[in-house]
Amino acid sequence: MSSVLIIGAQWGDEGKGKIVDHYAGKADMVVRYQGGANAGHTLVIDGKKIVLHLLPAGIVRQRPICLLSDNVVIEPNILLKEIHTLRESGYDVTPQRFRISERAHVTMPYHTMVDQLREVKHARAKIGTTGRGIGPTYEDKVARRGIRMGDLIRPNILRERLEFIIEDRNFYIKNYLEAKPFDFNEV
């Protein structure tokens, strides 16, 4: 069993998606192992431009099963929009071809808000994030307090975890970032 790993040098626009696409037609599986929706892979397939933010580049090929691993952080609305767009374009995005680790963390609305508010609060020393909540999602992952994809299908666990997290995030948002806290029921 041979494997090909495509690893970037953390420069951003390095052409990783193009390289993955090159190998994907012959692969049994394409796994995205990290990152979130701040990234983008632009592919040109049969003259048609396709932009992917979360889905592995192999999804536009017939053969491989595509997987988002447990180290990918997923913004569900962006993922659903991307799946819909690809399906509308005739690509086969089905449970047989696309899978998500239930341990992958979810980028929640408060992650995006915290990311954007920090850039405003620290304007002179901002780090230039995309404002999509990727960093704060990884912070929650490391702190073992985040919501995972598997929690989304377990309402009782989701509610319990979210109550604790919202209380913690709201304290930070209100008292440090000086913004309006989230309503639990809206989240």
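Residues numbered from 1 in each chain as written. Predicted model: local features only at pLDDT ≥ 70, side-chain atom pairs only at ≥ 80, totals over all residues. Heavy atoms only, no water.

> Quick rundown of the packing of aromatic side chains? Include the residues and the values.
With the rule as written, the count across this model stands at two aromatic pairs. Ring geometry for Tyr110 against Phe182: centres 6.3 Å apart, planes inclined by 80 degrees, an arrangement best described as edge-to-face. Note that Tyr110 is positioned in helix α3 (residues 109–121) and Phe182 in the segment after α5 (155–175), a separation of 72 residues in sequence. Assessed through its relative accessible area of 0%, Tyr110 is described here as buried. Both rings, one in Tyr172 and one in Tyr176, keep their centres 5.4 Å apart while their planes meet at 25 degrees; by these two values the pair is stacked. Residue classification places Tyr176 among the partly exposed positions, given a relative accessible area of 36%. Positioned above the aromatic ring of Tyr176, the side-chain terminus of Lys121 is 4.7 Å from the ring centre. (Phe/Tyr/Trp six-rings, centres within 6.5 Å; stacked < 30°, edge-to-face > 60°. Helix = DSSP H or I, 4+ residues; strand = E, 2+ residues; numbered from the N terminus. Buried < 20%, exposed > 50% of the residue type's maximum accessible area, 1.4 Å probe, protein only. Lys NZ or Arg CZ within 6 Å of the ring centre and 35° of its normal.)

> Help me get a handle on the sheet that holds strand β6 (residues 98–100), residues and values and all.
In spatial order, the strands read β1-β4-β6; together these three strands make up an open sheet with parallel pairing. Both edges of this open sheet fall to β1 (29–32) and β6, since each of them pairs with a single strand only. Each strand of the sheet is rotated relative to its neighbour by a mean of 20 degrees, with strand direction disregarded. Bridge count between β1 and strand β4 (residues 65–68): four bridges; the pairing is parallel. When the bridges of β4 are listed, Met29 appears paired with Ile65. (Pairing = 2+ DSSP bridges. Axes fitted to C-alpha atoms, helices over the stretch in contact; angles between N-to-C directions.)

Purely geometric numbers; function is a separate question.
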